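Residue strings, one per chain:
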Amino acid sequence: MAILITGGCGYIGSHTCIEMLQAGYDIVVIDNYYNSKPEALRRVKELSGKEFPFYECDIRDAEGLKKIFAAHKIEAVIHFAGLKAVGESVRIPLTYYDNNVGGTVTLCQVMSEMGCKRMVFSSSATVYGNANTSPLTEDMPTGAVTNAYGRTKFMIEGILHDLCNSDPEWSAVILRYFNPIGAHISGRIGEDPNGIPNNLMPYVSQVAIGKLSQLSVFGDDYDTPDGTGVRDYIHVVDLAKGHVKAVDYALAHTGDEAINLGTGNGCSVLQLVNAFKAANGVDVPYVVAPRRPGDIGTCFSDPSKAARLLGWKAEKTVEDMCRDSWRWQSQNPKGYDE
Ligand code: NAD
Ligand code: WQD
């Protein structure tokens, strides 16, 4: 029996492949390389010392998926495949609905048809929108999203809920990630964004290495201790370990559960910048710029449901995250393009 990992070549997927292999699971990986490179999985194999089947396949390709389910005994799916750039989603919403929502519907249809009814899904804290106060708990209202990307996650959560209600054999663990950063401790795999990064940590790393001249801190007038935005940064390896626990849970339960994966700790932009400088002995020049449209001041999790249901807790510190992000960036200044 194996676990199918969609989008397993991407940032979170590649780290999860390693943790799943280390936990003794057999895996099968699919990806269409839209936002990733084959080199990532080559390095996963190198780091884990294990081989596993890979298929270049789009989750919207029902026939391609069926062949993969027919060739392997798949008992559950970890579903990472999706587009994730917030700004792009506002410009090309239909592409996001087609890929993320349409792709997930096709995947679930094939899974049902092939008798595999257990899924761990990559959702996001973005579903809490701007209407709730942190710490965010899973029972808070969702859906007040500010962009098409966020709406795809909200819609997919609803689809999985309806699916589980319609068929008592289905199991869906909906993981709401907070802000994943960091990289594998080896420095061999990490986040490899195309072009100028949108997210804070890859931007900070590229400033530190001199690829970008300075960081713009988006707003210093939020209602936070130092005025800059507060987020719940979580080490990608902790996040990956959460997926192993979520698969265990999905194999043992039916129905749908939404579960936060965060540390429960808020960290401001300036705290992160200072932690990065201190951990790595590098400079990160910055200027304060206007707020970024759509941003909220504070967003952090209550992670107690994950502890209760999955027996999982984040273990790594912000210092670990900064050190590991920098090791990846400094050892791979061009990402996977060496
Ligand atoms: P990523 O872009 O690195 O990985 C996603 C992978 O999916 C890529 O390798 C891409 O090529 C692949 N993919 C996209 N569309 C596909 C399709 N139609 N068929 C097959 N493969 C496809 O992103 P990531 O940061 O690893 O995120 C993984 C998942 O977690 C995504 O669903 C994302 O929305 C979600 N998520 C990410 C974050 C974050 O900050 N990184 C936060 C919350 C949720
Ligand atoms: C973090 C903080 C910025 C860049 C996004 C998505 C969310 C989820 C994770 C997928 C904020 C500030 C940033 C910069 C800055 N992804 N910042 N200068 O916006 O919390 O979440 O990624 O699900 O859906 O919205 O993350 O890393 O972009 O920003 O000052 O150049 O850093 O204002 O306070 P965000 P981020």
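Everything here concerns the structure above.
Residues numbered from 1 in each chain as written. Chains lettered and ligands numbered in written order. Predicted model: local features only at pLDDT ≥ 70, side-chain atom pairs only at ≥ 80, totals over all residues. Heavy atoms only, no water.

## Overview of the pattern of salt bridges
Here is step 1: Scanning the model with the defined rule gives 21 salt bridges in all.
Here is step 2: Between Arg42 and Glu39 there is a salt bridge whose closest N-O contact spans 2.9 Å. With Arg42 and Glu39 both in helix α2 (residues 38-48) and three residues apart, the pair spans about one turn of that helix.
Here is step 3: In this structure Arg42 comes out as partly exposed when scored by relative accessible area, which is 45%.
Here is step 4: Between Glu157 and Arg176 there is a salt bridge whose closest N-O contact spans 2.7 Å. Taken together, the residues Glu157 in helix α6 (residues 148-166) and Arg176 in strand β6 (residues 171-177) connect sequence positions 19 residues apart. The burial state of Glu157 is the same as that of Arg176; both residues are buried.
Here is step 5: Residues participating in the shared-partner salt-bridge network are Glu39, Arg42, Arg43, Glu46 and Arg188. (Salt bridge = Lys/Arg side-chain N within 4 Å of Asp/Glu carboxyl O. Helix = DSSP H or I, 4+ residues; strand = E, 2+ residues; numbered from the N terminus. Buried < 20%, exposed > 50% of the residue type's maximum accessible area, 1.4 Å probe, protein only.)

## So, the site of ligand 1
Here is step 1: Near ligand 1 there are 26 residues, and of these Asp31, Asn35, Ser36, Phe80 and Tyr149 occur at the shortest range.
Here is step 2: Ile59 is positioned with one of its backbone polar atoms (N or O) 3.0 Å from a nitrogen atom of ligand 1.
Here is step 3: Here a nitrogen atom of ligand 1 and a side-chain polar atom of Asn99 are 2.8 Å apart.
Here is step 4: Look at ligand 1: alone it shows 810 Å² of surface, and the protein chains cover 95% of it.
Here is step 5: Of all the secondary structure elements, the ones that give two or more residues to the shell around ligand 1 are α1 (11-22), β5 (118-124) and α6. (Near = heavy atom within 4 Å. Polar contact = N/O pair within 3.5 Å; in protein donor to acceptor, adjacent residues only side chain to side chain. Areas by Shrake-Rupley, 256 points an atom, 1.4 Å probe, with all protein chains shown as cover.)

## Some details on the site of ligand 2
Here is step 1: If you check the shell around ligand 2, you find 19 residues, and the closest are Tyr149, Leu200, Ser216, Arg231 and Asp295.
Here is step 2: Between ligand 2 and Ser216, the relevant distance is 2.7 Å, taken from a nitrogen atom to a main-chain nitrogen or oxygen of the residue.
Here is step 3: Within the side chain of Arg231, one N or O atom sits 2.5 Å away from an oxygen atom of ligand 2.
Here is step 4: Here ligand 2, which alone exposes 690 Å², has 87% of that area covered by the protein.
Here is step 5: Breaking the shell around ligand 2 down by element, the ones donating at least two residues are α7 (200-208) and β8 (215-218).
Here is step 6: At four residues, β8 tops the list of elements feeding residues into the shell around ligand 2.
Here is step 7: Residues of the shell around ligand 2, tallied by class, amount to nine nonpolar, seven polar and three charged. (Nonpolar A, V, L, I, M, F, W, Y, C, P; charged D, E, K, R; others polar.)

## Considerations on the nonpolar core
Here is step 1: In this structure, Met20 and Leu175 are the most contacted members of the largest nonpolar core, which totals 41 residues.
Here is step 2: Element by element, the count of residues in this core is highest for helix α8 (residues 236-252), at eight residues.
Here is step 3: Excluding its chain neighbours within four sequence positions, the residues that come into contact with Met20 are Ile3, Ile5, Tyr25, Ile27, Ile78, Val244 and Val247.
Here is step 4: Core analysis: the next-biggest nonpolar cluster, separate from the first, contains 28 residues, Leu4, Ile30, Ile68 and Ala81 among them. (Core = buried A, V, L, I, M, F, W, Y, C linked by side-chain atoms within 4.5 Å. Contact = heavy atoms within 4.5 Å.)

## Here's the deal with the side chain of Arg176
Here is step 1: The exposure class assigned to Arg176 is buried, which follows from its relative accessible area of 5%.
Here is step 2: At 3.0 Å, the side chain of Arg176 forms a polar contact with the side chain of Tyr128.
Here is step 3: Those residues in contact with Arg176 that sit more than four places away from it in its chain are Ser123, Ser124, Ala125, Val127, Tyr128, Glu138, Thr142, Glu157, Ala258, Ile259, Asn260 and Leu261.

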